[in-house]
Amino acid sequence: MSDKNGMLPWPADDLSSYGPVQTQPLGKIQHFVGRVMQRNWSLIPHVTHHDDADITAFEQRRKAWNAANPERKRSLLAALVKVSVAALQRYPRFNSALSADGKTLTTRRYYHIGIAVDVPAGLLVPVLRDCDAKDIDAINDEIARISEKARTKGLAMAEMSGGCFTLSSLGHIGGTGFTPIINAPEVAILGICRTRSVFLPDAQGQPVLRQLLPLSLSYDHRVINGADAARFVRAIADGLERYDFDN
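Residue positions are counted from 1 within each chain, in the order its sequence is given. It should be noted that, the model being predicted, local features are given only for residues of pLDDT at least 70 and side-chain atom pairs only at 80 or more, the latter also being counted only at that level, while totals for whole chains, interfaces and linings use all residues. Processing note: side-chain calculations cover all non-hydrogen atoms of the structure and skip hydrogens and water entirely.

Per an unreviewed UniProt entry, the protein chain is named 2-oxo acid dehydrogenase subunit E2, and its organism is Sinimarinibacterium thermocellulolyticum. A UniProt comment under Cofactor (unreviewed entry) is attached to the protein chain, and it reads "(R)-lipoate". UniProt positions are given in the numbering used here, feature names are shortened, and annotations may be inferred rather than shown by experiment.

A few words now on the UniProt feature "domain: 2-oxoacid dehydrogenase acyltransferase catalytic" (unreviewed entry) in the protein chain. Under the local residue numbering, the UniProt record ascribes the feature "domain: 2-oxoacid dehydrogenase acyltransferase catalytic" (unreviewed entry) to residues 21–242. Helix numbers and strand numbers start at the N terminus; a helix is a DSSP run of H or I with at least 4 residues, a strand a run of E with at least 2. The straight-line gap between the two end C-alpha atoms of residues 21–242 is 53 Å; of that span, 35% is helix and 25% is strand.

Side chains that differ in sign of charge can pair as their charged atoms come close. Basic side-chain nitrogens of Lys or Arg form a salt bridge, by our definition, when they fall within 4 Å of a carboxyl oxygen of Asp or Glu. Overall, the coordinates contain twelve salt bridges when judged by the stated rule. With a shortest N-O distance of 2.9 Å, R210 and D54 are connected by a salt bridge. Taken together, the residues span a long stretch of sequence, with R210 in strand 11 (residues 207–220) and D54 in strand 1 (residues 46–54) at a distance of 156 residues. Of the charged contacts in the structure, one is a salt bridge between E59 and R62, with a shortest N-O distance of 2.7 Å. Taken together, the residues E59 and R62, both in helix 2 (residues 56–68) and three residues apart, mark about one turn of the helix. The residues E59 and R62 share a single accessibility class, namely buried. Three or more residues joined by partner-sharing salt bridges are found here, namely D51, R234, D238 and E241. Remark: exposure states derive from per-residue accessible area (1.4 Å probe, protein chains only) relative to the maximum for the residue type, with buried under 20%, exposed over 50%, and partly exposed in between.

Fitting a line to C-alpha atoms yields each axis, with helices limited to the stretch in contact; the angle taken between N-to-C directions then spans 0 to 180 degrees. Closest axis-to-axis distance for the helix 3 (residues 76–90)/helix 4 (residues 136–152) pair is 9 Å, and the angle between their directions is 120°. Taken as axis vectors, helix 3 and helix 4 run oblique relative to one another. Handedness of the helix 3/helix 4 crossing: right-handed. Side by side, helix 3 and helix 4 meet where L77, A78, A79, V81 and K82 of the first sit next to I136, I139, N140 and I143 of the second. Taken together, the residues that form the contact of helix 3 with helix 4 break down as seven nonpolar, one polar and one charged. For classification, angles of less than 35 degrees are called roughly parallel, those exceeding 145 degrees roughly antiparallel, those between 65 and 115 degrees roughly perpendicular, and all remaining angles oblique. Crossing handedness is read from the near helix: turned anticlockwise from the far helix by less than a right angle, it gives a left-handed crossing, and turned clockwise, a right-handed one. Any two residues whose heavy atoms approach within 4.5 Å at even a single point are treated as in contact. Three classes are used: nonpolar for Ala, Val, Leu, Ile, Met, Phe, Trp, Tyr, Cys and Pro, charged for Asp, Glu, Lys and Arg, and polar for all others, with Gly counted as polar.

So, on to the packing of aromatic side chains. Two rings from Phe, Tyr or Trp (for Trp, the six-membered ring) form a pair when their centres sit within 6.5 Å of each other. Planes less than 30 degrees apart are called stacked, planes more than 60 degrees apart edge-to-face, and all others tilted. As enumerated under the stated definition, the model contains six aromatic pairs in all. Ring geometry for F58 versus Y243: centroids 6.3 Å apart, planes at 75°, classification edge-to-face. One end of the pair, F58, is in helix 2; the other, Y243, is in the segment after helix 5 (226–241), with 185 residues separating them in the sequence. Residue classification places F58 among the buried positions, given a relative accessible area of 0%. Residue class for Y243 comes out buried when judged on its relative accessible area of 12%. Feature note: the residues Y91, F94, F165 and F232 constitute an aromatic cluster, connected by ring pairs. By the criterion adopted, a ring carries a charge over it if an Arg CZ or a Lys NZ lies within 6 Å of its centre and within 35 degrees of its normal. Above the plane of the ring of W65 lies R74, whose end atom (NZ or CZ) is 3.7 Å from the centre.

In C-alpha cells form, the structure reads like this:
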C-alpha cells in the first residue's frame with residue numbers, strides 16, 4: 001500500500017538474509033540534518049546552475065598578499081563571502097525568503113552568510129552575521145573560529161539561525177560540481193569544488209594554463225529564473241576575478 005501522498009512504503013528487506021551486516025544508530029545530528037534535507041528537497045523545486053570562475057590572477061594576488069602578510073593570511077572562502085554579499089546586494093531577490101504558502105516574498109536588508117562545516121557527527125551550518133560590515137580579515141578569523149567550535153564543542157541553534165545565503169565548499173576534498181540542497185527559508189546556496197588547472201587559448205590562440213574554480217548554484221525555481229541565476233553566478237565569478245587584496 002502507498003501512503004497518503006501516493007508514495008510506496010520504504011522497503012522492509014531483511015538485509016542480514018543476504019550476508020553479514022552491522023547495525024548502529026544514525027546519530028542525533030545526522031538524523032536531524034537528514035529530516036531537514038528531506039523537507040527542503042521535497043518542498044523546494046531545485047535547479048542547479050554550474051559555471052567556472054577563472055581565479056588565475058586572483059590566486060596570484062592572494063598568494064602574494066599572504067607571502068607579504070604571513071600574520072594575516074587570507075583564504076578563498078573569506079573572499080567568497082565578500083563577493084557573495086556584493087552579488088546579493090546587486091541581485092536582492094537572492095536575499096529573499098518565500099513564505100510557507102508560497103504567496104509572500106520577504107527581502108532581507110541584512111547579510112548573514114552560512115558556511116557549511118563537515119563535522120564528525122554530520123553537517124553544521126554556522127552563520128556569519130553582518131558580513132557587509134566586516135572586512136575580509138574579520139571574516140577570515142570568524143570562519144576559522146566558528147569552524148573549530150563546530151568541530152570540537154558544537155554550536156547552539158542561535159549560531160546556525162538567520163542565514164541569508166549559504167556557501168558549501170568541497171574544495172579541500174575534490175569534485176567538479178554537485179547539487180547542494182537549499183537551506184530553507186533561503187532561496188539559493190552556492191557549492192564550491194576544487195580548483196582545477198586547464199589549458200585555454202589566449203587572445204592569439206595560444207594555450208595558457210588557467211586555474212578554474214567550479215561553482216554550483218542551487219536555486220528555488222519558484223523565486224528565481226535561470227537567466228537570473230546565471231547572472232548571479234557570473235557576478236560572483238567576476239567579483240573574484242577583480243578582487244582587490246589591497247582593500
